[in-house]
Each structure stands twice: as C-alpha cells, then as structure tokens.
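# Structural overview
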Amino acid sequence: MNPSELIRDPVLQLNLLIWMTREQPKEYYRVRPLFHEAGFELRNIDTPFALPEPVLAVAKIKEVAIRQTPSPDLLIHNQPLGKALYIEAKKSSFGADSTNANQGRAHLLAVGPACAKSYSPITDVLLSYHLPEDECQEMQACLETLSRELLEAGLAPGPFAMAGFGVSDHSVTYAPDPTTAAFLSLSPERQQILSGLDSENDAAPLLLLFVEDDHHDPEKVGFYRQAVVSQIHAALICLLKANDALSFSVTARQLVLDTTQGTVNFLPLQKQKRMEKLVVENIFKRIREAWKDKHPDLIRLEGRAMTINFETDLRRDDFLDWLEDGDKTKFSDKAPPPDTPEFPGLFSES
Amino acid sequence: MTPKPPVLPERPKDRFEVYRLFDGISSDGKEGIDLGRTRTPLVKSFLVEHVSSTRGRQTRTPQEIWTRLGGSPHPIDPDFFSIQGTVRDESGDIRQTTVGYLERYDERFFAYYTTEVSQNAKKRVIKWIQKSPDLDSCWFNSDLLQVLWNQDVSKRGDQRFGKLTFKHESIFEMPENAEDSEEETDDDARLEDSDFEEQAGPERRKARFDMSDRIGRIKQSLGKLQNEYSPLCALYSLRFPSRLGRGSHDLYQHGQLTNRSESFEDHRGTAFYLHQVYKKILESTESKAWSDSETSLNASTRPHKGVPLIVRFAEPLSEATFKQWISRAFHKKNVFRLWGEPIWMGPTKVHVYGADRHLWQPLNLEITGEGMVAILPKGTCGNTFHRLVTNIQRYVCPKVDAWVGSTPLTDLMAQATRVEG
C-alpha cells in the first residue's frame with residue numbers, strides 16, 4: 001500500500017494513531033510517537049459513550065438528529081495535565097446534511113459541558129477530527145455548521161479541532177491545526193511520522209489493532225483478516241503446546257481474547273461477535289473438515305467451542321504437526337457470512 | 001587424549017559434599033591449565049530458564065522437569081538435585097550414571113553443574129531444552145557481553161588476563177541474483193564450531209577472533225577495532241578473572257560458564273551473579289514490553305500499554321540476503337526457532353503474526369532489510385527477544401542497535417550490571 005492509500009484507509013489510520021502513543025526511540029522510530037512525546041497515552045479504542053438523558057431529551061424536542069452513543073475512534077489522555085483528546089478518524093470529510101452528521105453532532109456534545117463529569121479526573125477534553133490534510137478545510141466548515149445548529153437548539157457543543165495526515169516525498173506527515181497543536185503542546189508545523197518509505201515495500205506498520213474488516217482495496221480484501229487468522233492460529237498452537245492433556249477444549253471467545261490481548265473487550269459487541277464467528281468459520285470448521293475422514297471423532301464443535309479428543313500421544317503429535325504446517329492447514333481469510341446488520345461505529349464510511 | 005570425567009556420587013550427604021568434590025576438581029583443573037594439560041574436564045555451569053507461569057502455563061519443579069527428561073533427579077536438598085544421564089564408556093558400552101547437579105536459584109532459573117567434556121555437556125543441555133518447550137538457555141547476547149566487559153570485567157585490573165571471543169558468520173548472505181541455497185541451518189549443527197570449516201556454499205562473511213591479552217591492553221584497542229570491523233561487535237564469549245584468587249570463568253552466549261579458577265564456590269558465585277543480572281534484564285524487558293489490556297472499561301485504567309522492541313541493523317541487508325533469511329528463519333529446525341507465515345509486504349519487508357517455536361508463545365514481528373520490530377504479547381518470555389538479538393548478531397548482522405521502547409537495550413543492561421556488580 002502506498003502512503004497516499006495508507007492515510008485514507010481507516011484501519012491503518014487508526015493503527016498509525018495507536019503507534020503514535022507507543023514509546024519508541026527518537027533516532028529509529030517506526031511511527032513517530034508524537035502523542036507519547038506529549039505525555040498522552042491511550043485510554044480507549046472505539047468505546048461507546050452514553051450521552052446524558054437531559055441532552056437526549058432536548059435533542060428529541062428540538063428534533064436534532066444525533067446518534068445516542070457516539071464512540072470516539074481513540075481517546076488519549078494526559079492525566080497529570082487533566083487533558084484528553086477525543087479523536088475521530090475519517091478517510092474524508094462529510095457534509096452537514098450527510099448521515100455522518102448525526103455522529104458528528106453526538107461527538108460535539110460528548111465533549112461538551114453536559115458530559116464533563118464522564119471524563120473525571122480529566123477536566124479538559126478536545127474533539128479532534130483526524131483525516132487526510134486536503135479534507136480538513138471542508139471538515140472544519142461542516143463542524144462549524146453542526147456546532148451552530150446545536151447552539152441554536154439550546155444544546156452545548158464542546159470545542160473541536162483538526163489534524164491532517166499528508167504525504168510528502170518518502171514520508172507520511174502529521175499536521176495538527178493550531179488548536180490541536182496547542183492542546184498537545186506540539187509544534188503546529190507539519191511533522192514526519194513515517195519516514196524512509198520506498199515504492200517497493202508497503203508502508204503499513206505492524207498492526208496493533210486487529211479487525212476482521214475488509215481492506216478497502218478489493219485486491220487485498222482479506223489483508224486484515226489474514227493478520228487476525230494468523231494470530232488466532234498462533235494462539236491455538238501455543239495453547240495446545242502448553243497443554244499436554246489428551247483432551248483439549250477451547251472457545252472462540254478465548255482465542256479472540258488471547259489474540260487481541262483483551263482489546264476485543266473495547267470493541268462494540270457486534271464486532272466482538274464477528275471476530276468469534278471468524279474463528280468458528282475459518283479455523284474450527286476447517287480443522288473439523290480436514291480431519292473428518294482420518295479421525296471422525298477427533299474434533300467436536302458445540303456452539304462456539306471446539307473440543308479435540310486426541311486419545312493417544314501419537315495422534316496428538318500427528319495433529320500438532322499438521323497444525324504447524326501452513327501449507328496443510330490453509331486457513332482462509334475470507335469474511336464469514338454476516339448474520340446481523342452492522343450498526344455504524346468504528347471505521348464507518350464517511 | 002580426551003580428559004576423563006570423574007565419577008560423581010548420585011546421593012551425596014549434602015550439597016557441600018558436591019561443592020568439596022568440585023573444589024578439588026577445580027583445583028586440579030587449574031593446575032592442569034597452568035601445566036598445559038588437563039587430566040579431568042573443567043567444571044562448567046549452564047544457566048537455564050524455566051518459562052514462568054504466565055499465559056496459563058504451570059510452573060514445574062526441577063524434579064518434574066528432569067523426571068520427564070529421563071534425568072532421574074535425586075533431591076539432595078529441596079533446591080539441589082543429582083541428575084542421571086546415559087554415557088558411553090571406554091569400551092563403547094552405554095550406561096546410566098550421574099552426569100551433574102542441578103541447583104534451583106529461584107522458580108524461574110536453574111544452574112546445571114557438570115564435569116562432562118564441554119561438547120557432550122552442551123549437547124546434553126541442548127537436548128533437554130529441545131525436548132522441553134518450557135526450558136530455554138539464558139541468552140547472553142553480544143551487547144550484554146559487551147556491557148559486562150565495560151561495566152565489570154574491564155575494571156578487574158589492567159594487569160590481569162582477559163579473553164574475548166568474537167564469532168560471526170553471515171549464513172544467510174547471498175550474492176545478488178544467486179539461486180536459493182538448499183543448505184539448512186540446523187540449530188544443533190550451528191553450535192558446533194567445526195561447521196565453520198566444514199561448510200560448503202557461496203563465499204560469505206565469516207569471522208572468528210580470539211583476543212587474549214592483559215585487560216589494560218584490550219581496553220586500549222577494543223573500541224578502535226570494533227569501529228573498524230563490525231564482526232568484532234559479535235562478542236561470543238567473555239572471560240571473567242576470578243575475584244577471589246587465580247584463574248577465571250568463561251561465559252558463552254548460550255549461558256555456559258566454564259570454570260578456569262581453582263575454586264568451585266567462586267565459580268558458583270559468578271554463575272549466581274550472572275543469573276541475577278540476566279534475571280533483572282529479562283524482568284525489565286518484560287515489564288516494559290508486555291502489551292496488555294485491562295478488561296475493565298473503568299476510565300482510570302490504562303487499557304493499552306507495552307512498548308515495541310526495536311532492532312536496527314548497522315548494515316542494511318541486500319534483497320537476496322533478506323529473502324534467504326526469511327525463507328529459512330521460519331523452518332522447523334532453524335536456529336531462529338520462529339513459527340509463522342511471513343506476509344510479504346515487499347521485497348525487503350515482512351509482517352509475521354506468529355510464535356516463538358521453542359517456547360511456543362505468540363510473537364508479532366516486522367522484519368525489514370534495515371531492522372526488526374517485535375511486539376511481545378503479555379506472557380511471552382523476554383528470552384525470546386534476547387535469543388533473537390543473539391542470533392541476529394551471530395548470523396545476520398554483527399552490529400545492531402536495540403531498544404526496548406525508547407530505552408537502548410545496552411542502557412537497560414548497564415543498569416542491571418551496575419546494581420548487581
């Protein structure tokens with residue numbers, strides 16, 4: 001993926017932002033940790049935020065369309081300074097009359113005075129839209145319109161700002177607007193966050209947040225799922241190797257928790273379920289299929305749990321040899337069929 | 001003539017009987033070294049790590065581990081065990097005998113003391129480790145040996161004798177446009193020095209260099225030489241002059257310590273000191289690196305922490321060398337002991353969401369021609385990273401810079417040696 005695509009891909013945008021919170025060497029960073037350097041650390045990823053009832057009541061009376069539970073893509077905070085940056089990442093701007101505007105109004109209210117207590121002990125919260133630099137101007141205009149609408153309806157929006165990702169020569173740059181820069185105590189100058197990029201290697205950093213979404217490029221549609229499936233595969237082997245019993249049970253939930261190191265708990269329920277479904281469809285069912293002729297009783301699937309009855313050490317070794325060999329397991333990175341309509345949230349289209 | 005190991009008692013009265021026996025052997029050994037002919041093999045220790053009980057793994061006692069390995073451990077006291085093994089006697093017959101003693105320093109670290117010939121002892125320990133996914137060597141990588149030299153050995157007296165051995169072989173180095181070599185890099189074979197001479201294949205960078213001199217003279221020249229020739233950064237073993245008397249202790253990358261002093265207690269003290277340094281480094285690596293998330297949504301929690309482990313190669317790898325390395329590194333018996341399916345992101349970049357093939361713990365890697373980024377999920381042993389760095393310096397690029405987050409690995413190591421030294 002070239003850098004221009006990278007800054008417009010919602011999953012990679014988010015991964016870039018998480019990398020920016022991770023401590024790294026100044027002289028050889030992977031993604032320049034500007035947030036970490038400013039003393040900000042990651043607090044939440046896509047955690048739904050419940051707007052207070054009085055706010056929802058006013059919005060209903062005044063017929064202001066808002067989403068009831070906005071979820072910032074990222075919330076980073078600096079506890080000693082009592083500051084939090086509420087980040088919404090977008091691949092492009094949107095208009096005040098688009099469906100995304102409902103979400104935009106909700107974000108503005110979520111950082112407003114009515115919600116101040118929710119961030120305690122943090123006292124100073126700023127909403128900052130992060131998107132490609134050439135989209136910032138339109139986004140600014142849209143947020144000004146939305147903010148005005150809210151004020152006219154008797155609601156109290158909070159402060160908002162922008163930061164833009166750009167591409168220059170062989171690097172990806174980050175340009176906070178003056179408000180974001182002042183809030184983070186960063187220079188408002190455009191700064192390199194990914195450098196030394198070349199045309200031959202994909203610019204994407206190692207994924208820190210795993211999702212089972214499609215990649216925006218149809219030619220790489222399974223890219224993110226491939227990473228998730230590889231991790232789940234690794235987690236399953238590691239669990240089996242650490243446990244030499246002749247019968248072994250594992251749930252899709254346990255593997256997803258292991259794989260994401262608990263991050264999954266911060267995702268909307270819908271996404272959690274889809275991750276579990278990926279485990280069942282692409283891993284558990286493939287294992288059952290591969291072994292059904294050789295040892296029909298080896299694998300039992302019940303709901304989202306898999307039980308393996310090895311019976312003998314020899315069969316266990318045989319199974320583990322198979323599981324270690326990617327050429328044999330051939331776990332698919334195709335999306336499992338959707339079972340319920342997805343509600344908008346993380347990585348929603350702009 | 002190969003020195004013959006002495007007979008070791010299986011059931012000594014107490015551990016001090018073993019100490020006295022090894023003291024005698026050490027004294028004979030030192031005399032032999034001085035005369036240029038050793039009658040019995042030198043006493044040596046191997047520092048071994050037992051994977052801690054994180055990631056749902058159960059900690060096992062040495063007795064449980066070595067019983068499973070066929071070592072028939074006999075407890076001499078709660079933390080000291082005799083270990084049995086098969087040996088071939090002079091007539092060629094195979095018999096079972098006491099081959100050494102195991103001391104548990106703590107729940108995580110053991111020392112195995114033996115008087116077997118070095119190659120046999122090394123093979124035995126490697127075999128144990130290969131058979132036990134919860135055992136690993138303690139990996140004293142070149143940077144750590146260099147820090148131990150800077151902080152400790154170089155301050156033990158300019159007139160004393162020191163010895164540093166450097167070893168590097170670019171086993172993955174490929175001339176541009178070369179065809180893939182079928183040569184495998186089995187980790188057993190890699191530990192044998194003879195391979196350096198026996199290997200077939202294309203011309204590659206190989207360096208083995210012993211620097212044996214008075215410490216003062218080594219100090220004067222080492223930095224300059226290392227700046228001129230990077231394989232001299234691939235420190236493979238380091239001699240520690242005894243603090244108590246005459247002689248020394250040779251520490252090797254894979255955690256072997258050979259006693260060339262006249263006292264076993266001095267040797268054991270050195271092994272224990274090195275274990276403490278190593279333990280401290282591992283713990284600091286893990287406490288900084290473990291990526292973790294609280295499951296609570298409480299606003300005051302820190303849901304995501306953990307820093308990446310980063311390595312920069314002083315000399316970027318060519319595309320051919322990079323391809324050769326990646327195509328071999330994930331093979332079953334390769335010295336890197338990595339498992340996973342590399343996702344190729346370009347000719348000199350891969351992402352791997354895989355595992356440490358030896359300890360079977362998850363590990364995420366980005367490897368490029370210029371360096372490596374490792375993410376250690378919570379519970380993945382810091383040893384994995386130290387083994388990776390050790391092998392990169394030995395087989396890929398002799399000079400590297402490594403960081404845990406923004407802290408240079410050498411600073412972290414220096415801190416550990418300053419406190420304990």
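Note that the structure is predicted; figures quoted are calculated from it, not measured. (Residues numbered from 1 in each chain as written. Chains lettered and ligands numbered in written order. Predicted model: local features only at pLDDT ≥ 70, side-chain atom pairs only at ≥ 80, totals over all residues.)

Here we come to the overall build of chain A. Within chain A, the regular secondary structure consists of 12 helices and 10 strands. Here the C-alpha atoms of chain A give a radius of gyration of 23 Å, agreeing with the 20 Å that 2.2 N^0.38 yields for 350 residues. Principal-axis analysis of the C-alpha atoms places the extent of chain A at approximately 70 × 50 × 40 Å. Across the 350 residues that make up chain A, the buried fraction comes to 46%. Expressed as a percentage of contacts within chain A between residues at least 6 apart in sequence, the contacts between residues at least 24 apart total 67%. (Helix = DSSP H or I, 4+ residues; strand = E, 2+ residues; numbered from the N terminus. Rg over C-alpha atoms; globule rule 2.2 N^0.38 Å. Buried ≥ 20, exposed ≤ 12 C-beta atoms within 10 Å, placed from the backbone. Contact = placed C-beta atoms within 7 Å.)

The subject of this paragraph is the sheet that holds strand E8 (residues 247-251) of chain A. Residues and elements named next belong to chain A. Taking strand neighbours across the sheet as the criterion, the 3 strands line up as E8-E10-E9 in an open arrangement whose pairing is antiparallel. Only two strands of the sheet have a single neighbouring strand rather than two, namely E8 and strand E9 (299-302). In this sheet, neighbouring strand axes are inclined to one another by 15° on average, regardless of whether the strands run parallel or antiparallel. (Pairing = 2+ DSSP bridges. Axes fitted to C-alpha atoms, helices over the stretch in contact; angles between N-to-C directions.)

Next up on the list: helix H9 (residues 319-329) of chain B. The set of residues buried in H9(B) consists of B:Thr321, B:Phe322, B:Gln324, B:Trp325, B:Ile326, B:Arg328 and B:Ala329. Buried residues along H9(B) sit against strand E13 (338-339), strand E15 (349-356) and strand E16 (361-368) of chain B.

A:Ile76, A:Tyr86, A:Leu109, A:Val279, B:Leu47, B:Leu238 and B:Ala374 are the most contacted members of the largest nonpolar core, which has 205 residues in total. Counting residues per element, this core draws most heavily on helix H8 (residues 223-241) of chain A, at 12 residues. Excluding residues that lie within four positions of it along the chain, A:Tyr86 makes contacts with A:Pro72, A:Leu75, A:His107, A:Ala110, A:Val111, A:Val125, A:Leu126, A:Leu127 and A:Ser128. (Core = buried A, V, L, I, M, F, W, Y, C linked by C-beta atoms within 7 Å.)

Turning to the domain arrangement of chain B, a few remarks are in order. All names here are of chain B. As assigned here, chain B comprises domain 1 (15-137), domain 2 (142-179 + 198-285) and domain 3 (288-293 + 303-410). Once you take the C-alpha centre of each, domain 1 and domain 2 turn out to be 22 Å apart. The partner domain 2 presents 21 residues to the 21 residues of domain 1 that form the contact. In terms of residues, the side of domain 1 that touches domain 2 owes the most to one element, helix H1 (residues 15-35), which gives 8 residues. Class assignment for the residues of the side of domain 1 that touches domain 2 results in 11 nonpolar, 6 polar and 4 charged. (Domains from an automatic or database assignment. Nonpolar A, V, L, I, M, F, W, Y, C, P; charged D, E, K, R; others polar.)

A few words on the pairing of strand E14 (residues 343-346) of chain B. Residues and elements named next belong to chain B. Sheet topology note: the E14/E15 ladder contains 3 bridges and is antiparallel. Within E15, the residue paired with Gly 346 across the bridge is Lys 349. What sits between the antiparallel neighbours E14 and E15 is a turn of 2 residues.

All names here are of chain B. Per-chain confidence: chain B averages 85 in pLDDT, with 86% of residues scoring 70 or above. Note that residues 179-199 has pLDDT below 50 and, in this model, 25 contacts with residues that lie over four places away or in other chains. Interface confidence for the predicted complex, expressed as ipTM, amounts to 0.90; the pTM equals 0.87. (pLDDT = per-residue confidence, 0-100.)

Let us now look at the sheet that holds strand E6 (residues 171-176) of chain A. Residue and element names in this part refer to chain A. Spatial ordering of the open sheet is given by E1-E2-E3-E4-E5-E6-E7, a layout of 7 strands whose pairing is mixed. Each of the sheet's edge strands pairs with one partner strand only, and the pair in question is strand E1 (41-45) and strand E7 (191-194). Strand-to-strand twist in this sheet, taken as the mean axis angle between neighbours without regard to direction, amounts to 30°. As judged from the 7 bridges shared by strand E3 (residues 83-89) and strand E4 (residues 124-132), these two strands associate in the parallel manner. Bridge pairing in E4 links Ala 89 to His 130. Those strands touched by helix H2 (residues 10-19) are E1, strand E2 (74-78), E3, E4 and E7, and its axis lies near 160° from that of E3. Seen against the sheet, helix H6 (residues 136-152) touches E4 and strand E5 (160-168) and runs at an angle of roughly 170° to E5.

This part is about unusual backbone geometry. Residue and element names in this part refer to chain A. Between Ser 120 and the following residue, Pro 121, the backbone shows a cis peptide bond with an omega angle of 5°. Relative to the assigned elements, Pro 121 resides in the loop between helix H5 (100-110) and E4. Of note in this structure, Ser 185 is not a glycine but carries a positive phi near 55°. The topology assignment puts Ser 185 in the loop between helix H7 (178-184) and E7.

Residue and element names in this part refer to chain A. Mapping Gly 154 onto the fold places it in the loop between H6 and E5. Since 11 C-beta atoms lie within 10 Å of it, Gly 154 is described here as exposed. Gly 154 sits 92 residues away from Lys 62 along the chain, and the two C-alpha atoms are 8.5 Å apart. Ignoring sequence-local partners within four residues, the contact set of Gly 154 consists of Val 58 and Lys 62.

Residue and element names in this part refer to chain B. Spanning 14 residues, helix H3 (residues 118-131) covers 20 Å between terminal C-alpha atoms, matching the ideal 20 Å at 1.5 Å per step. Within H3 the residues assigned to the buried category are Ala 121, Lys 122, Arg 124, Val 125, Trp 128 and Ile 129. An end-on view of H3 places all buried positions within 160° of arc, on one side of the element. For H3, the elements touching its buried residues are strand E1 (44-50), strand E3 (80-88), strand E4 (94-104), strand E5 (109-114), strand E6 (135-137) and strand E11 (256-259). (Expected span 1.5 Å × (residues − 1). Arc of directions from axis to C-beta.)

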